[in-house]
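Per-entry structural report
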Amino acid sequence: MTDLSHIRNFSIVAHIDHGKSTLADRLIQACEGLTLREMHEQVLDNMDIERERGITIKAQTVRLAYKAKDGKTYQLNLVDTPGHVDFAYEVSRSLAACEGSILVVDASQGVEAQTLANVYQAIEANHEIVPVLNKIDLPAAEPDRVKQQIEDVIGIDASDAVLCSAKSGIGIPDVLEALVTRLPPPTGDGDAPLKALLVDSWYDAYLGVVILVRVKDGAIKKGTKVRFMSTNTTYTVEQVGVFTPKRVVLPSLNPGELGFITAGIKAVADCNVGDTITDDARPAAEPLPGFKPSVPVVFCGLFPVDAAQFEVLRESLAKLRLNDASFHFQMESSAALGFGFRCGFLGLLHMEIIQERLEREFDLDLISTAPSVVYRIHSTDGSVQELHNPADMPEVTRITKIEEPWVKATILVPDEYLGSILALCTERRGEQIDLTYAGNRAMLIYRLPLNEIVFDFYDRLKSISRGYASFDYEVDDYRESDLVKVSILVNDELVDALSFMAHRSQAEGRGRQICERLKDLIPRHLFKIPIQAAIGGKVIARETISAMRKDVTAKCYGGDISRKRKLLDKQKAGKKRMRQFGSVEIPQSAFISALRMSDD
Amino acid sequence: MMGDEGFGLYIHWPFCLSKCPYCDFNSHVAEHVDQGAWRDALLRELAYFAGCTPGRILTSIFFGGGTPSLMDPDTAAALIAAARASWRTVNDLEITLEANPGTVDAERFERIHAAGINRLSMGVQALNDADLKFLGRRHGVAEARTAWRAAAKIFPRTSFDLIYARPKQTLAMWEEELREALDEVQRHGITHLSLYQLTMEDGTPMAAEHARGKFVLPVEDDAAVMYERTQALCDAAGFPAYEVSNHAAEGAACRHNLTYWRGGDYVGVGPGAHGRLTLDGATRATRATRQIKAPAIWLKRVDRDGHGTQEDELLTAEARAEELVMVGLRVSDGLDKDRFARLAGRPLESLIDPTGLAMLTRENLLQDTPSRLVATPRGRLALNAVIKALLA
């Protein structure tokens, strides 16, 4: 058993691309957690999608043994955290399992918006923070400027920041040494009743549900009958161990230590992240302070392209939820798209990731509706309801007011782009709270409606600033707003899946944009097809698809008839699969492209 | 029970001197063709089908290909004689042969005519040399002009084909070409014109080039305008369309092709030839036949079995009815409802989607009268979509 004074639990906070995963790789390598042969890039990012996108979605932990300059061997527990705001919830629980953080900042790029959000969370979690300047060997590296920026923007002392290059292996021993000398050891009482924090859980095809825990007091062993304090359910521990990053089974996990347990648990849903695990025979009196539950803020409908795949989609969503309890789904039906699910996500990236995992891991073809935020509808009868789907909006006459969620957004941008970014924020109904400078970069704090962000804010921001702006947001509060539901009518038939909510000032522009897109996406028919955007009964935009003029086979003689008939039979079968709106057939691809937010 | 649809004999000659890049017909370039063996095999297969269709009255013979003008005229003569011996024939039996302007000279025309051919259909395709080259044709315009003028003197009825809506062809260019064609036709007593818009057929070299972006075809609206202009010019010249792509002077329509479009039976002899044969008996049933496509294999099978049938499918009542609608609406006077009911064994109404029909008549694409269902000129130009909407 490792003495508490020889344990350091830490996480790494960084912006995407600032080298967090590479640094983790180097630390593992330096402590010989993996041999060179076993090493591949981004070892902690297990999912294909994590490696491909260069992001971390799920928290991972790894225990390393480090022999420090004082001659003693320390147990280092690294909790890898996602960098993106959508996974802030995962970040907060990772941070709760540690006493300190490494703040990784790219020495050529400086502090970015995402770094800020995460580092503030670490400060809130009372972490000791070691600033590390990465990519120090790049010609563009400006360590002194970035140190100053860390002090100005974040407000922590950066004078003794560690300089390293994870990629080239420069300064890695200094990082390890700083962990030992500058981060505090955990505290805990091995004799007290068991108190362990449930940090994360996931479903493993071989092990079943695996739970990641941080032991505060007491010890957890194979055979211990544990009680989950929030649900009052008990399980007998089957395996206890750690990842080095290989899975290693151990006899016990002791105070200050991080590791996994398995206990024959069937569903991840039974494991509430933030719950306290205690010994059923000798329970703790008080649970540990938990986390706030995650609340989805962005919703969209997911429908199978092939209606026959509905059940497969249901099963796939259930399986994914085993691994990610932060997304929600509920069956819905659409006149346009048939049966599907309304799904809630922590943010846009989260939404994209889940869709991509469904398509990739479960081989599904999906249509997703436009993302929508959660509106609060106040009715004339005094009730308040949450609106997740624009199609469900009640009659306007029964509504007294509608509120929409606002966010507090932080944008960091080189000052040459400031003017256009300010214009974008204004166009998106933003309210400036603060504008400060750190070196040649401006830091903007804005309040913006989430609805505007969900639309194409991030893409626009990136294109206006040529990729140099960084952006982060947190959901703030709800405010009353002049919101309308824009309906789309194709050949005078309402297409529910295309309805969306918009601020009255934006409704016409967006309605027109969707009509224009549909005009190009719906093939010509034998008759003219009007496409309209409307608020209630009032048409705000209109396009017309002209009638088809020519579709005839030039030659049809004795030898062509069989082939033509077979082709016709195929088309007739295809016609049954098309989504039919009145007499108009709208191909699936039209939904997918019409609902895509950005023009690309 | 016999109607005006007729009963035709199609004979396929599968050989060409070279393959045209747009053509997806069953044609082959052979070093050497054993004319004797081919004559014997075609005669044997003809005899086989004659045995299946006793008592029918033959209304037309059509030699297609390939390039049937490469066939020994004596072979054509022998086949015609065999047909006359096998079936009773109408007095004005139409006997067509397809010819390429480059493969015939006047002397050969005489022999072909002497063999009994009374209608010659020539694949002229274009009236400028650059486009003829693009289409992979072996002949030039001058050669073609000599050929059709000679043919018109020899054959009672002559037709020629043009392909339009070619890459880079403008409406004005096509109008000029068509005017020239109509002028020639009228001046030399040619009574029939087939005017096809260039179509990319799957698996052809030209379709592959097109897919690679080597050339572009006129867009839908431009092609539609070309088609409409074609109708107007031909109407004015006394060559109205009697089918989507076929125009004729009064009384000069191709009766053999009308048999296909009116749902009549036809015997298909030769490699890859298709047939439609209605069996006698209590239930009406039409067989769809297709002969083996590969010439050498077909030849062997005919030698062994007396015929080279590869597919012989009894059409379902629904498939038969669908075919009748599909081809019937191609002709200008449309689908005769009585004929349809007689051939399909069910009324037309049982096949169609009433909402579709209502839309089609409302949009002026179809005209529905008690006796006929007729595609309007606009409807004919979008006939594939019309048929899809019409059928339930």
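For the structure, see preceding data.
These remarks concern the structure in this document. (Residues numbered from 1 in each chain as written. Chains lettered and ligands numbered in written order. Predicted model: local features only at pLDDT ≥ 70, side-chain atom pairs only at ≥ 80, totals over all residues. Heavy atoms only, no water.)

In sheet architecture, strand pairing relies on hydrogen bonds along the backbone and comes in two forms, parallel and antiparallel. Residue and element names in this part refer to chain A. Pairing within the open sheet is mixed, and its six strands lie in the order 2-3-1-4-5-6. Lying at the two open borders of the sheet, with one neighbouring strand each, are strand 2 (60–67) and strand 6 (162–163). By the bridge criterion, two bridges tie strand 5 (residues 128–134) to strand 6 in an arrangement that is parallel. Across the sheet, Val132 pairs through a bridge with Val162, a residue of strand 6. Packed on one face of the sheet, helix 1 (residues 20–30) meets strand 1 (7–14), strand 2, strand 3 (73–80) and strand 4 (100–106) and runs near 155 degrees to strand 1. In this fold helix 4 (residues 113–124) packs onto strand 1, strand 4 and strand 5, with an angle of close to 160 degrees to the strand it touches most, strand 4. (Pairing = 2+ DSSP bridges. Helix = DSSP H or I, 4+ residues; strand = E, 2+ residues; numbered from the N terminus. Contact = heavy atoms within 4.5 Å. Axes fitted to C-alpha atoms, helices over the stretch in contact; angles between N-to-C directions.)

We now examine the interface of chain B and chain A. If you look at the interface, chain B gives 47 residues, while chain A gives 26 residues. Between chain B and chain A lies a buried interface of about 3,500 Å² when both sides are counted; carbon and sulfur atoms form 53% of it. The three residues of chain B that bury the most area against chain A are Met326(B), Asn384(B) and Lys388(B), which together make up 17% of that side's buried surface. Here chain B and chain A share five salt bridges between them. With a closest N to O distance of 2.9 Å, Glu220(B) and Arg524(A) form a salt bridge. Our count for the contact surface shared by chain B and chain A stands at 23 residue pairs in polar contact (both at pLDDT 80 or more). Those elements that provide at least two residues to the side of chain B that touches chain A are strand 8 (192–197), helix 8 (220–236), helix 9 (255–261), strand 12 (274–279), helix 11 (317–328), helix 13 (354–362), helix 14 (377–381) and helix 15 (383–390) of chain B. With seven residues, helix 15 of chain B is the single largest residue contributor to the side of chain B that touches chain A. Per-class residue counts for the side of chain B that touches chain A are 25 nonpolar, seven polar and 15 charged. (Buried area = accessible area lost by both parts, 1.4 Å probe. Salt bridge = Lys/Arg side-chain N within 4 Å of Asp/Glu carboxyl O. Polar contact = N/O pair within 3.5 Å; in protein donor to acceptor, adjacent residues only side chain to side chain. Nonpolar A, V, L, I, M, F, W, Y, C, P; charged D, E, K, R; others polar.)

The next point concerns the pairing of strand 12 of chain B. The two faces of a sheet get side chains in turn, since along a regular strand they alternate between them. Residues and elements named next belong to chain B. The buried fraction of strand 12 amounts to five of the six residues, a majority that puts the element mostly inside the structure. Inspection of the sheet shows strand 12 paired to strand 13 (residues 285–291) by six bridges, in the antiparallel sense. Paired with Thr278 across the two strands is Thr286, which belongs to strand 13. (Buried < 20%, exposed > 50% of the residue type's maximum accessible area, 1.4 Å probe, protein only.)

To continue, consider the sheet that holds strand 16 (residues 276–279) of chain A. Residues and elements named next belong to chain A. Across the sheet, which stays open at both edges, the eight strands sit in the order 11-10-16-7-8-15-12-13 with antiparallel pairing between neighbours. With one partner strand each, in any of the chains shown, strand 11 (233–236) and strand 13 (247–249) form the two edges of the open sheet. On average, adjacent strands in this sheet sit at an angle of 40 degrees to one another, irrespective of strand direction. Alignment of strand 8 (residues 208–217) against strand 15 (residues 258–262), held across five bridges, turns out to be antiparallel. Note that in strand 15 the partner of Val213 across the bridge is Gly259.

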